[in-house]
Amino acid sequence: MKRPDTPFPRHWLYYLILKYAVIGAAVVVSLYTIYRLYRG
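First, a word on scope: everything that follows refers to the structure included in this document. Since we're looking at a predicted model, the values are computed, not measured.

1. Description of the overall build of the chain
Here is step 1 of the chain: Check the secondary structure of the chain and you find 1 helix and 0 strands.
Here is step 2 of the chain: Of the roughly 4100 Å² that the chain leaves accessible, carbon and sulfur atoms contribute 67%.

What follows is the structure, given as structure tokens:
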């Protein structure tokens, strides 16, 4: 696996994991909010 260009070259794997974790958390919060709004 080639190392991508990230702000933290030494910790690029942790950076990618953290990035996808933040995106996943944002999606979960958005879906939960939509669920609560339409559920009543």
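2. Observations concerning a nonpolar patch on the surface
Here is step 1 of the chain: A cluster of nonpolar side chains, namely Tyr20, Ile23, Val27, Leu31, Ile34, Leu37 and Tyr38, defines an oily patch on the protein surface of about 830 Å² accessible area.
Here is step 2 of the chain: Along the chain, the position of Tyr38 falls in helix 1 (residues 12-39).
Here is step 3 of the chain: Here Tyr38 falls in the exposed class, since its relative accessible area comes to 73%.

3. Observations concerning the packing of aromatic side chains
Here is step 1 of the chain: Within the structure shown, the criterion is met by 0 aromatic pairs.
Here is step 2 of the chain: Over the face of the ring belonging to Tyr20 we find Lys19, whose NZ or CZ atom lies 5.4 Å from the ring centre.

Reading the values: rules and limits
- Residues numbered from 1 in each chain as written.
- Predicted model: local features only at pLDDT ≥ 70, side-chain atom pairs only at ≥ 80, totals over all residues.
- Heavy atoms only, no water.
- Helix = DSSP H or I, 4+ residues; strand = E, 2+ residues; numbered from the N terminus.
- Areas by Shrake-Rupley, 256 points an atom, 1.4 Å probe, with all protein chains shown as cover.
- Patch = residues over 30% accessible without salt bridge, like charges linked within 9 Å, V, L, I, M, F, W, Y side chains within 5 Å.
- Salt bridge = Lys/Arg side-chain N within 4 Å of Asp/Glu carboxyl O.
- Buried < 20%, exposed > 50% of the residue type's maximum accessible area, 1.4 Å probe, protein only.
- Phe/Tyr/Trp six-rings, centres within 6.5 Å; stacked < 30°, edge-to-face > 60°.
- Lys NZ or Arg CZ within 6 Å of the ring centre and 35° of its normal.

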